[in-house]
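Now for the letters of each chain:
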Amino acid sequence: MIETGAHHATVKDLLVKLQGSGFNLGNTEPEYPTDVVQEIIRQLNALGLLVSIDTHPRPGISGEELAIALARQAYRIQHSLGNQALANALLQGSATRELLIGYVMEYYTLVKAAPSFIGSALNHELPPSVARQLKRLFLTEHDHDELLERSLAAVDIDKSLADTYVPLSSTYSLTASLSAFSRQHILSFLGSLFLLEEPHSAFNEVFVRESKRLGFPPSFWEPFILHSDINEEEAHADVTRDTLSEYSAISAQEANAVMTNIVSVSEILYWQSAQICSTFINAQQLWSRFYPDVPLSTLVVNQRSA
């Protein structure tokens, strides 16, 4: 409780000015008692009731400019961090069967969840063109999990077994981030799509090469490649640019939030790749994700799958 005493009227005036966002704390007038002002500010700030306002706001940018900035940022991150760990394993020919199956399972988890993210994004009030593009993306993505289920079936993992799978923490972080963006910050959701949808033809080539080397049947890699080919044919990698371009003006604060979130998603993708490589080092580690309650030492491995 703030004791105002004889200053009741001036303190009331101060509170009115604070409420109206028209008060500069660095330029208090002489009639405001300094000790009372400081106590009011301390208590209001502790309750989270004060918001700082930039009196000299920076100019905003267009959605098209933001899309270009995001692409440049992603390039800088890739140039700084280099190839992801999984890509290196494939290129070096050190990948194992467990590693490829584990990767497809983690990817399946993301693809299966994607339609729910797009559906949440469509609940926002969107420019008509953005809504149309997201609806088209939803229609092309909603059954892609079935393609990957065909890949998994080639190694004796049916849908019922796949549904028991516990994804890695990095994959969970990725899906949680995308879910939050789709519901709470639509610009970050749109800005992150190109990171997930851009084609990786070089990766696909070494994925097929290593799948053959490790003795997988064509029914393992062909649906995976078909999924990638459909994404490329539908120009999914352009969704970020095409949707953000519909926004003529984005505030500097919003643009900065999008940039920050997309850096986070980029870093999670690198973490996910490294975690896949460090986790799926043998068949027991892979199958423990399907049977989390079974002690690792007692798991009996299906040799065809492993």
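One structure accompanies this document, and this report is about it. Since the structure is predicted, the reported quantities are computational estimates derived from the model, not experimental observations.

### Describing helix α5 (residues 97-121)
Now for step 1: For α5, spanning 25 residues, the distance from its first C-alpha to its last is 36 Å, which sits close to the expected 36 Å at 1.5 Å a residue.
Now for step 2: In α5, a bend of some 35° at alanine 114 exceeds every other bend along the element, and proline 115, a proline, comes one to four places later.
Now for step 3: Most of α5 is tucked away, with 21 of its 25 residues classed as buried.

### Topic: the layout of surface pockets
Now for step 1: The volume enclosed by the largest pocket comes to roughly 1000 Å³.
Now for step 2: Considering the residues around the largest pocket, the lining is formed by 37 residues, among which Gln84, Leu195, Glu198, His200 and Phe203 are closest to the centre.
Now for step 3: Of all the secondary-structure elements, those providing two or more residues to the lining of the largest pocket are α3 (63-81), α4 (85-92), α5, α10 (186-197), α11 (201-213), α12 (218-233) and α14 (252-279).
Now for step 4: The dominant element in the lining of the largest pocket, judged by the number of residues it contributes, is α14, at 6 residues.
Now for step 5: For the lining of the largest pocket, the residue count by class is 21 nonpolar, 12 polar and 4 charged.

### Here we look at unusual backbone geometry
In most cases, non-glycine residues show a negative phi, while peptide bonds are predominantly trans.
Now for step 1: A positive phi is found at aspartate 156, a non-glycine position, where the angle reads about 65°.
Now for step 2: With respect to the helices and strands, aspartate 156 occurs in the loop between α7 (144-153) and α8 (159-162).

### A short note on α3
Now for step 1: Look at α3: 27 Å from first C-alpha to last across 19 residues, which is about the 27 Å you get at 1.5 Å a residue.
Now for step 2: Taken residue by residue, α3 has Gly63, Leu66, Ala67, Leu70, Gln73, Ala74 and Ile77 as its buried positions. For α3, the angular spread of buried residues about the axis comes to 125°, placing them on one side. Turned more than 90 degrees from where α3 packs its buried face, Arg72, Tyr75 and His79 sit exposed.
Now for step 3: Residues of α3 that are buried in the fold lie against α10, α13 (239-244) and α14.
Now for step 4: At the exit of α3 stands glycine 82, carrying a positive phi of roughly 80°.

Basis of the calculations
Residues numbered from 1 in each chain as written. Predicted model: local features only at pLDDT ≥ 70, side-chain atom pairs only at ≥ 80, totals over all residues. Heavy atoms only, no water. Helix = DSSP H or I, 4+ residues; strand = E, 2+ residues; numbered from the N terminus. Expected span 1.5 Å × (residues − 1). Bend = angle between axes of the 7 residues up to and from the residue. Buried < 20%, exposed > 50% of the residue type's maximum accessible area, 1.4 Å probe, protein only. 1 Å grid on protein atoms, 1.4 Å probe; cavity = no way out; pocket = protein on both sides within 12 Å on 5 of 7 lines; lining within 4 Å. Points joined across faces, edges and corners; volume = space filled by probe spheres on them. Nonpolar A, V, L, I, M, F, W, Y, C, P; charged D, E, K, R; others polar. Arc of directions from axis to C-beta. Contact = heavy atoms within 4.5 Å.

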